[in-house]
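Listed here are the chains, written in short residue letters.
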Amino acid sequence: MGLIFAKSRPGRTGVTLPLKDVPVECKLDKRYLRGKDAELPSVSEPEVVRHFTNLSKMNFSVDSNFYPLGSCTMKYNPKITEKIAAMEEFVSLHPLAPQLIRGGMLTQGALEITSNLEKVLCKITGMDEFTTHPMAGAHGELTGVMIIAAYHRNNGNRKKHILIPDSGHGTNPASAAIAGYDVITIKSDKNGVMDLGEFKEKLNEDTAAVMLTCPNTLGIFNPDIKKISDLAHKAGALMYYDGANLNAILGKARPGDLGFDIVHLNLHKTFATPHGGGGPGSGPVGVKKDLEPFLPISRIVKRSDGTFTLDYDKSLSIGYMSPFYGNFAVMLKAYAYILLLGREGLIEVSENAVLNANYLKVKLEGHYDIPYSEVCFHEFVLSASKQLKKGVKAIDIAKALIDEGIHPPTVYFPLIVREAMMIEPTETESKETLDKFIDVMIELALKAEEDPGVFKSFPRNAPVCRPDEVKAVKDMDIADV
Ligand SMILES: *Cc1c(COP(=O)(O)O)cnc(C)c1O
């Protein structure tokens, strides 16, 4: 818009709106009009290009750097999935079209793709039905917990709480609480999995659900998971699977077979779509048959003539969880990614993700504390507690990595590990990249021994330097909290 008013000047390529297009009559009250012209930028094309290119270079991205951000599965996103999602036939589709032209040819393809995606996600997870409506993992959690509440209510049961292990992602207790449940946290045992004794103690007729991820945020698969789901079911509770770590078990194990009744997936983690910085995401929710009546509306239905339509007439549904039908572009990318890889490809994803994580873990073992040291799945957690003795914290190592062109791991999560650094290399990295990361991490461990003071000055080469943390906290406006 601004360019329209930019005046042509010698040497500049401003654009001037032809006079005939300037609205002559303005109906706005005079007091709303500006007294003098707005100061809009008048810049040449190369200046604009440089401005935005330089801005884009301030971003850390999977396309430019290694990004081992634990739990987030920052894997390379094949460009072909972007191309497919950007096809004119998809992007020009209006979300209201199916309601205006019921069964019209205009949207049949989109409905069919969504329905196919639901089906393939059922196969991958061992669930009976899926909804693609939730816009992110956390939104899927809320949808899932609301379905759990509706199910218990419909059975005439008033349940009070949800059991969540202390290694859980912060969104788990948040979703349970927003849906109206009390949260009971179960501590982890010495092996890093939910303490079975404490679980049995806390499980009772007031338990609505057990909510966990498996493998958990320490990268550990709970060997008692089937026993846990059997106990939960016996007590009348449902099993909720946080699918953020599905990358670890793709094609190897299915939550549905492990006894879970409800799952959310993070399409933007496991199945293409780069994320971070707030989106875009998609958190579809899958359920076993008994929970199907409670899924959000609308539901995609295939008519006997083979066409698709949307069903809003579901009396037990929890209602709308999002406008329209979910984040269609992210769904498209996930569907294309799944078709691209096929069954064998998906199995390779989890095998390589697990292999890469274990390779890093074994190579770094001698240099950092590893509180839970058994074979890990797709991620593992280091502790900088050894380095802390010299005054070097996990955050200092994270900042030093930025200078080496590596995105820091997730730090200070999970909460049960002191000075945690949670590393998830993903399956898309080469051995060369992993070896470089190992070298850098070992070098930093040595530097922490020899010259710990230098860490406070990192990063030195990043576009934005390290903020003064004390000042940042002191200056924080209460409105920001
Ligand atoms: C990322 C993540 C979530 C939340 O998913 P979003 O898509 O970020 O809302 C939940 N649980 C775990 C374990 C996660 O890693």
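As the structure is a computational prediction, the values presented were derived from the model and not from experiment.

What follows is about the sheet that holds strand 6 (residues 262-265). Pairing in this open sheet of seven strands is mixed, and the strands run 1-7-6-5-4-2-3 from one edge to the other. The open sheet has two edge strands, strand 1 (129-131) and strand 3 (182-186), and neither has a second partner. Direction aside, neighbouring strands of the sheet carry axes that sit 20° apart on average. Bridge analysis of strand 5 (residues 238-243) against strand 6 gives four bridges, and the strand direction is parallel. Paired with D242 across the strands is H264, a residue of strand 6. Each of strand 2 (161-165), strand 3, strand 4 (207-212) and strand 5 touches helix 8 (residues 171-178); the most contacted strand, strand 2, lies at about 180° to it.

Further remarks concern helix 12 (residues 328-364). Between its first and last C-alpha atoms helix 12 spans 41 Å; for 37 residues at 1.5 Å apiece the expected length is 54 Å, and the helix comes up short by more than 12%. The largest bend in helix 12 is about 100°, located at G342.

Walk down a regular strand and you will see the side chains alternate between the two sheet faces. With burial as the criterion, each face of strand 10 (residues 380-383) is covered, one bearing F380 and L382 and the other bearing V381 and S383. As paired elements, strand 10 and strand 12 (residues 420-423) share four bridges and run antiparallel to each other. The residue bridging F380 from the neighbouring strand is I423, located in strand 12.

A few words now on the pattern of salt bridges. Where charged atoms of side chains with opposite charge meet at close range, the side chains can pair. The tally for this structure, following the rule as stated, stands at 17 salt bridges. Residue K75 pairs with E427 through a salt bridge whose shortest N-O separation is 2.8 Å. Placement of the pair is K75 in the loop between helix 2 (45-57) and helix 3 (79-85) and E427 in the loop between strand 12 and helix 15 (431-450), with a sequence separation of 352 residues. E427 matches K75 in its accessibility class, with the two residues each being buried. For R299, the salt bridge identified is with E129, shortest N-O distance 3.0 Å. Taken as a pair, R299 in strand 8 (residues 299-302) and E129 in strand 1 lie far apart in primary sequence, 170 residues in all. Bridged by salt links that share partners, the residues E129, E292, R299 and K314 form one connected network.

Moving on, we get to the state of the cysteines. Taken as a whole, this structure holds zero disulfides when the rule is applied. Take C376: it sits in no disulfide, and the sulfur closest to it among the cysteines is that of C214, at 14 Å. A relative accessible area of 3% places C376 in the buried class.

Before going further, it helps to examine the packing of helix 12 against helix 15. Interaxial distance between helix 12 and helix 15 falls to 10 Å at its minimum, and their mutual angle equals 30°. Here helix 15 runs roughly parallel to helix 12, going by the angle between their axes. The interaxial crossing formed by helix 12 with helix 15 has right-handed handedness. Residues N356, Y359, L360, K363 and L364 of helix 12 lie in contact with helix 15, whose contacting residues are K431, L434, D435, F437, I438, M441 and I442.

Another aspect to go through is the nonpolar core. By size, the foremost hydrophobic cluster in this structure holds 44 residues, and its most contacted members are L121, F199, L246, F260, L267 and F271. Taken together, the elements giving at least two residues each to this core come down to helix 6 (105-125), helix 9 (196-202), strand 4, helix 10 (225-234), strand 5, strand 6 and helix 12. It is helix 12 that provides the largest number of residues to this core, a total of nine residues. Counting 29 residues, the second-largest nonpolar core is a separate cluster that includes A357, I397, A445 and F458.

Analysis parameters
- Residues numbered from 1 in each chain as written.
- Predicted model: local features only at pLDDT ≥ 70, side-chain atom pairs only at ≥ 80, totals over all residues.
- Heavy atoms only, no water.
- Pairing = 2+ DSSP bridges.
- Helix = DSSP H or I, 4+ residues; strand = E, 2+ residues; numbered from the N terminus.
- Axes fitted to C-alpha atoms, helices over the stretch in contact; angles between N-to-C directions.
- Contact = heavy atoms within 4.5 Å.
- Expected span 1.5 Å × (residues − 1).
- Bend = angle between axes of the 7 residues up to and from the residue.
- Buried < 20%, exposed > 50% of the residue type's maximum accessible area, 1.4 Å probe, protein only.
- Salt bridge = Lys/Arg side-chain N within 4 Å of Asp/Glu carboxyl O.
- Disulfide = S-S within 2.5 Å.
- Parallel < 35°, antiparallel > 145°, perpendicular 65-115°, else oblique.
- Left-handed = near helix turned anticlockwise from the far one by under 90°.
- Core = buried A, V, L, I, M, F, W, Y, C linked by side-chain atoms within 4.5 Å.

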